[in-house]
Amino acid sequence: EKIMNDMMKELYSIGLIPVIKIENPDDAVPLAKALIDGGLPAAEITFRTACAAEAIKNITEAYPEMLVGAGTVLTCEQVDAAIAAGSKFLVSPGLNPKVTAYAISKGIPMLPGCSNPSDVEAALELGLKTVKFFPAEQSGGIEMIKAMSAPYGGVTFMPTGGVNPKNVNDYLAFPKIVCCGGSWMVKPEMIAAGDFDGITALVREAVDTM
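Everything numeric in this text was worked out from a predicted model, so none of it was measured. (Residues numbered from 1 in each chain as written. Predicted model: local features only at pLDDT ≥ 70, side-chain atom pairs only at ≥ 80, totals over all residues. Heavy atoms only, no water.)

### Quick notes on the overall build of the chain
When helices and strands are tallied, the chain shows ten helices and eight strands. Taken against the 2.2 N^0.38 rule, which gives 17 Å for 210 residues, the C-alpha radius of gyration of the chain at 16 Å falls within 12% of a compact globule. If one aligns the C-alpha atoms of the chain with their principal axes, the spans along those axes are about 45 × 35 × 30 Å. Counting only residues that meet the buried cut, the chain has 51% of its 210 residues in that class. For the chain, the share of sequence-separated contacts (at least 6 apart) that also reach a separation of at least 24 residues comes to 59%. Accessible surface, the chain as shown: approximately 9,100 Å² in total, 55% of it carbon and sulfur. Looking at the chain, you have 16 positive and 24 negative side-chain charges, and the mean spots of the two groups are 4 Å apart. (Helix = DSSP H or I, 4+ residues; strand = E, 2+ residues; numbered from the N terminus. Rg over C-alpha atoms; globule rule 2.2 N^0.38 Å. Buried < 20%, exposed > 50% of the residue type's maximum accessible area, 1.4 Å probe, protein only. Contact = heavy atoms within 4.5 Å. Areas by Shrake-Rupley, 256 points an atom, 1.4 Å probe, with all protein chains shown as cover. Lys, Arg positive; Asp, Glu negative; His and termini not counted. Charge placed at Lys NZ, Arg CZ, Asp CG, Glu CD.)

### A closer look at unusual backbone geometry
In this structure, Pro 135 follows Phe 134 across a cis peptide bond, with omega equal to -15 degrees. In this fold, Pro 135 is placed in the loop between strand S6 (130–133) and helix H7 (141–149).

### Side note on the packing of aromatic side chains
In total, this model carries one aromatic pair according to the counting rule given. A cation over an aromatic ring shows up here: Lys 132 above the ring of Phe 134, its NZ or CZ 4.5 Å from the ring centre. (Phe/Tyr/Trp six-rings, centres within 6.5 Å; stacked < 30°, edge-to-face > 60°. Lys NZ or Arg CZ within 6 Å of the ring centre and 35° of its normal.)

### What about helix H6 (residues 117–125)?
At the N-terminal end of H6, a side-chain oxygen is found 3.0 Å from the backbone nitrogen of Ser 118, two or three residues along, and the residue is Asn 116. Where H6 ends, the next residue or the one after it, Gly 127, has phi of about 90 degrees, a positive value. (Polar contact = N/O pair within 3.5 Å; in protein donor to acceptor, adjacent residues only side chain to side chain.)

### Structural notes on the pairing of strand S3 (residues 67–71)
Along S3, five of the five residues are buried, which leaves the element largely enclosed by surrounding structure. Neither face of S3 is left uncovered, since the one carrying Leu 67, Gly 69 and Gly 71 and the one carrying Val 68 and Ala 70 both have all their residues buried. When strand S2 (residues 42–46) meets S3, the two strands line up parallel, connected through five bridges. Along S3, the bridge assignment pairs Ala 43 with Val 68. Between the parallel pair S2 and S3, the chain is carried across by helix H3 (residues 52–62), and the sense of this crossover is right-handed. (Pairing = 2+ DSSP bridges. Right-handed = clockwise from strand over helix to strand, strands pointing away.)

### Considering the sheet that holds strand S7 (residues 156–159)
Read from one edge to the other, the open sheet built from eight strands follows the order S7-S6-S5-S4-S3-S2-S1-S8, with strand pairing classed as parallel. The open sheet has two edge strands with one neighbour each: S7 and strand S8 (180–182). Averaged over all pairs of adjacent strands, the angle between strand axes in this sheet comes to 30 degrees, irrespective of strand direction. Alignment of strand S5 (residues 110–114) against S6, held across two bridges, turns out to be parallel. (Axes fitted to C-alpha atoms, helices over the stretch in contact; angles between N-to-C directions.)

Written out as structure tokens, the structure reads:
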């Protein structure tokens, strides 16, 4: 529980977690540097690509102080791979009770995706107090979170999905929001082109927006 609470404080202090799909593990470290230089020393590297674990390992070795987590964690095997690579937290698009319980048993903070009251209750049953709200905009956005916060007073949320510079502050202004996940400042085509200065500029802009 202490690990989870410390993690939530760290996520809260950062406020915005860049959600990243990495195609080439060689891009991981320069990308991490771009995020740090821009003022967001955090990343959620999604397990949507085969090199995700390698990318996480590269970043955690180069920048041990950076808050790096694994996203799109769908299986117990991926939980193990993410932890072995040095992930400090795990995120999933939905709530798989088996995978979530397995992650908790390993002592790593897990934020499973929830989009309705039944999901939230399944998370509470597993002992969680913070969940990802996904896909945020498509599931009703901040108004849905406010409605769900009424019966579940102790639950906090990390909205991800459709978060952008226009709505990020609407989310962050609500006290039950720990942080937001967003990908607008880490465009895949900029990563592919090696435009890390451009990413730093977008990250800085995102930080200024907050």
